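# Summary of structural features
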Amino acid sequence: MHLRVPTFTKVTCLRRILNHMLLNQNQSAHPSALFSTSAIKFNKENSNPNSTEIESNPFFNKYKSKLQHLQSNSPNEYEARIKDLADRLKPKKVDDSSKKLQPPQTVLPSEVAKSGVGMSKKQGLDSIMKMDLVCDKTAEEITQIWNEYHNGKDCVYAVLKTNVYQNLMIKAKECPVFVYAIPRNEGFEFILSQFDQNDVYFTQLSMFQLVRENAPPCLTLNHYTEFLEDKGIVLMSGKYDSNVLKREMALGLVQQMSVFYGLNSRYFELVYRFNYEPARFHYQELIDAVKALPQFNIK
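Residues numbered from 1 in each chain as written. Predicted model: local features only at pLDDT ≥ 70, side-chain atom pairs only at ≥ 80, totals over all residues. Heavy atoms only, no water.

Turning next to the nonpolar core. For soluble globular proteins, the rule of thumb is that nonpolar side chains tend to be buried together. In this structure, Phe 178, Phe 202, Leu 219, Leu 245, Phe 260 and Tyr 261 are the most contacted members of the largest nonpolar core, which totals 49 residues. Those residues within four positions of Leu 219 in sequence are excluded, and the remaining contacts are Met 119, Val 156, Val 200, Tyr 201, Phe 202, Gly 238, Lys 239, Tyr 240, Leu 245, Ala 250, Leu 253 and Val 254. Formed by 10 residues, the second largest nonpolar core is a distinct cluster that contains Met 129, Val 134, Ala 139 and Leu 235. (Core = buried A, V, L, I, M, F, W, Y, C linked by side-chain atoms within 4.5 Å. Buried < 20%, exposed > 50% of the residue type's maximum accessible area, 1.4 Å probe, protein only. Contact = heavy atoms within 4.5 Å.)

Let us now look at the pairing of strand 3 (residues 187–196). The pairing of strand 2 (residues 177–184) with strand 3 spans 8 bridges and is classified as antiparallel. Counterpart to Tyr 180 in the pairing with strand 3 is Ile 191. The pairing of strand 3 with strand 4 (residues 199–204) spans 6 bridges and is antiparallel. Each residue of the ladder has a partner; that of Phe 195, found in strand 4, is Val 200. The hairpin formed by strand 3 and strand 4 contains 2 residues between the paired strands, and Gln 197 there has a positive phi angle of roughly 55 degrees. (Pairing = 2+ DSSP bridges. Helix = DSSP H or I, 4+ residues; strand = E, 2+ residues; numbered from the N terminus.)

This part covers unusual backbone geometry. One non-glycine residue, Gln 197, adopts positive backbone phi at about 55 degrees. Structurally, Gln 197 is set in the loop between strand 3 and strand 4. The phi dihedral of Arg 212 falls on the positive side, at around 55 degrees, and the residue is not glycine. With respect to the helices and strands, Arg 212 occurs in the loop between helix 9 (205–211) and strand 5 (219–224). Note on Arg 212: relative accessible area 36%, which makes it partly exposed.

Moving on: helix 11 (residues 247–260). Taking 1.5 Å as the rise per residue, helix 11 with 14 residues should run 20 Å; its terminal C-alpha atoms sit 20 Å apart, in good agreement. Among the residues of helix 11, Met 249, Ala 250, Gly 252, Leu 253, Val 254, Gln 256, Met 257 and Phe 260 are the ones counted as buried. (Expected span 1.5 Å × (residues − 1).)

Under the defined criterion, the tally for this structure stands at 6 salt bridges. Residue Glu 285 is joined to Arg 273 by a salt bridge in which the shortest nitrogen-to-oxygen separation is 3.0 Å. Placement of Glu 285 in helix 13 (residues 283–291) and of Arg 273 in helix 12 (residues 268–276) is noted, with a sequence separation of 12 residues between them. The exposure class assigned to Arg 273 is buried, which follows from its relative accessible area of 6%. Each of the salt bridges in this network shares a partner with another, and the network as a whole consists of Glu 269, Arg 273, Glu 277, Arg 280 and Glu 285. (Salt bridge = Lys/Arg side-chain N within 4 Å of Asp/Glu carboxyl O.)

Printed below as a string of structure tokens:
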């Protein structure tokens, strides 16, 4: 941020004086408490109602002589500045709708961005498994088949129990966006995630800030719910961009998601703040939480 050195003209001095009067108020006091119905006017003939209120300001006497000088030499400027300050001090009407904090608005990756790294829209589970050959298998057998199929491939995968998946989807609907920190060299890189129904897209935060929906995902997770009702499991597989993430980093992101969105997670409050109270979200607090996770040494 660039700062300009002020020129100390009469206008600048008055602005600094009036701002100082505002900054030194008791911050807990309601603006209306700064006003009074009685005050001594500088110039009774040329005064306006605003000066009556301003002159009763508790910090007014400190700058009384300077304000008197400005009023004498530049009455128009004085009246304009007094009116401006009075407007700033007036109690503001609170619109109830403004109290409802909105989640940060992000944009899902475009189809072009997803296809650019081989992450186009998923197909059904039948594009991966022969459903007629596994439909009579138990949940444990399907889990074993799923794990053996993905073992050794450049991907991440998991099998979620019904309660784990349902908890994830409930929290994802409430807080669809979050940011994760992964160790990178001597620092951290932030990865933005966003849920889109059963899919989760991860992209570099710096890239998203630059090109928005054209930011290519560095990791995409797909959840297949075909066995949710009768087997009580959900199959997950994820593709990652090896130019951005190592497999261990992609796995670390999945593990972080399972922690921050997990059942009875003590970290979900951070997720909530990121979505609804961004002013109270601090990246250092996120980093400290990540450092406390068992998988922190993944690089």
